[in-house]
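Okay, here's what each chain looks like letter by letter:
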Amino acid sequence: KQEVTQIPAALSVPEGENLVLNCSFTDSAIYNLQWFRQDPGKGLTSLLLIQSSQREQTSGRLNASLDKSSGRSTLYIAASQPGDSATYLCAARRGTGKLIFGQGTTLQVKP
Amino acid sequence: DTEVTQTPKHLVMGMTNKKSLKCEQHMGHRAMYWYKQKAKKPPELMFVYSYEKLSINESVPSRFSPECPNSSLLNLHLHALQPEDSALYLCASSQGGRGRTGQGFIQYFGAGTRLSVL
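Fair warning: this is a prediction, and the values are worked out from it, not measured in the lab.

Definitions and cut-offs
Sequence order sets the numbering: in each chain, residues are counted from 1 along the sequence as written. Numbering of ligands from 1 and lettering of chains from A proceed in the order in which they are written. Totals for whole chains, interfaces and linings use all residues, but because this is a predicted model, local features are given only for residues with pLDDT of at least 70 and pairs of side-chain atoms are given and counted only at 80 or more. Heavy atoms from the whole structure form the basis of all side-chain values; hydrogens and water molecules are not counted. Any pair of residues with heavy atoms lying within 4.5 Å of one another is described as a contacting pair. Once two parts are put together, the accessible area they lose, assessed with a 1.4 Å probe and summed over both, is termed the buried area. Salt bridge, as used here: a side-chain nitrogen of Lys or Arg that lies within 4 Å of a carboxyl oxygen of Asp or Glu. Any pair of nitrogen or oxygen atoms within 3.5 Å is treated as a polar contact; in protein, a donor-acceptor pairing is required on top of that, and neighbouring residues in sequence qualify only through side-chain atoms on both sides. Numbered from the N terminus, helices here are DSSP runs of H or I no shorter than four residues, and strands are runs of E no shorter than two. Here the term charged refers only to Asp, Glu, Lys and Arg, the term nonpolar to Ala, Val, Leu, Ile, Met, Phe, Trp, Tyr, Cys and Pro, and the term polar to all other amino acids, Gly among them. A pair of cysteine sulfur atoms is labelled a disulfide when the two atoms are within 2.5 Å. With a 1.4 Å probe rolled over the protein chains alone, any residue whose accessible area is under 20% of its type maximum counts as buried; one over 50% counts as exposed, and the rest are partly exposed. We treat two strands as partners when DSSP finds at least two bridges between them. Between the N-to-C directions of two axes lies an angle of 0 to 180 degrees, each axis being a line fitted to C-alpha atoms and, for a helix, fitted only over the stretch in contact.

Considerations on the interface of chain B and chain A
Right, so step 1: Facing the 21 residues of chain B at the interface are 22 residues of chain A.
Right, so step 2: Carbon and sulfur atoms supply 56% of the area that chain B and chain A bury against each other, a total of about 1,700 Å² over both sides.
Right, so step 3: When residues of chain B are sorted by the area they lose upon contact with chain A, B:Pro42, B:Phe105 and B:Phe109 head the list and together hold 30% of the total.
Right, so step 4: The tally of links between chain B and chain A comes to one salt bridge.
Right, so step 5: With a shortest N-O distance of 2.7 Å, B:Glu58 and A:Lys98 are connected by a salt bridge.
Right, so step 6: Our count for the chain B to chain A interface comes out at three residue pairs in polar contact (both at pLDDT 80 or more).
Right, so step 7: Secondary-structure elements contributing two or more residues to the side of chain B that touches chain A are strand S4 (31-37) and strand S9 (87-94) of chain B.
Right, so step 8: A total of three residues in the side of chain B that touches chain A trace back to one element, the largest contributor, which is S4(B).
Right, so step 9: Its residues placed into classes, the side of chain B that touches chain A shows 12 nonpolar, five polar and four charged.

Dropping the structure here:
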């Protein structure tokens, strides 16, 4: 059974810092891994999707990496801004199409 | 346009009421999803529709009844709900289909319906 874990559960940093969010999964037989952002009381916004054959994906200040052999993915946020404050969720996709979500990391970036 | 629209935004209902949640997308996506999210928890998959056919039902109680009338619309009919069913209900869509490429797996979410059952 696939389990997805995110560490830390919460993170508070000053504006301008570079930071790394971690996601680990127990079953390396994944189709892809997706990172989402969720603002309080809102839906999810897809940030990056990494296929199982890829090592990383980049979008603006965001970079996500995937290491299937170690069961890990990281989301790197460069030069953090207060607008980056949100909950970040990673989700591993199984062959059935089902997404298995981690519990999320709640990020606060202080001005 | 990557918009998934959900209505209503908020819904309060009694345990004997019948109500429906609606989800709409015009991106030509052929896979649509219902998720339930409790406070401070990740979303939990409820149903998946692929080409208007139900492909996954995650053992959801029968008081939740999904319907996909056409490729753009997904409904969730609610009847005789319990207070513990109070949650944020999220709809999502993705390209679906055998011809999809890697980025075609991306799921696009609506803003959700905040449901309170009294």
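Focus on the state of the cysteines
Right, so step 1: Inspection of the entire model under this criterion finds two disulfides over all chains.
Right, so step 2: Each disulfide pairs two cysteine sulfurs, and for A:Cys23 the partner residue is A:Cys90, the sulfurs being separated by 2.0 Å. Where A:Cys23 bonds to A:Cys90 through sulfur, the torsion about that S-S bond is close to 80°, and the disulfide is right-handed. Here A:Cys90 lies in strand S9 (residues 86-93) and A:Cys23 lies in strand S3 (residues 19-25), a separation of 67 residues in the sequence. The pair A:Cys23 / A:Cys90 is uniform in exposure class, with both members buried.
Right, so step 3: A disulfide bridge connects B:Cys23 with B:Cys91, and the sulfur atoms are separated by 1.9 Å. For the disulfide bridge between B:Cys23 and B:Cys91, the dihedral angle about the S-S bond is near -70°, and by the sign convention the bridge is left-handed. Here B:Cys91 lies in strand S9 and B:Cys23 lies in strand S3 (residues 18-25), a separation of 68 residues in the sequence.

Considering the sheet that holds strand S8 (residues 72-77) of chain A
Residue and element names in this part refer to chain A.
Right, so step 1: Taking strand neighbours across the sheet as the criterion, the five strands line up as S1-S3-S8-S7-S6 in an open arrangement whose pairing is antiparallel. With partners counted over all chains shown, the strands left at the sheet margins are strand S1 (4-7) and strand S6 (56-59), one partner each. Along the sheet, successive strands turn relative to each other by an average axial angle of 15°, direction set aside.
Right, so step 2: Bridge count between S6 and strand S7 (residues 62-67): four bridges; the pairing is antiparallel. For Ser59, the partnering residue across the bridge sits in S7 and is Leu62.

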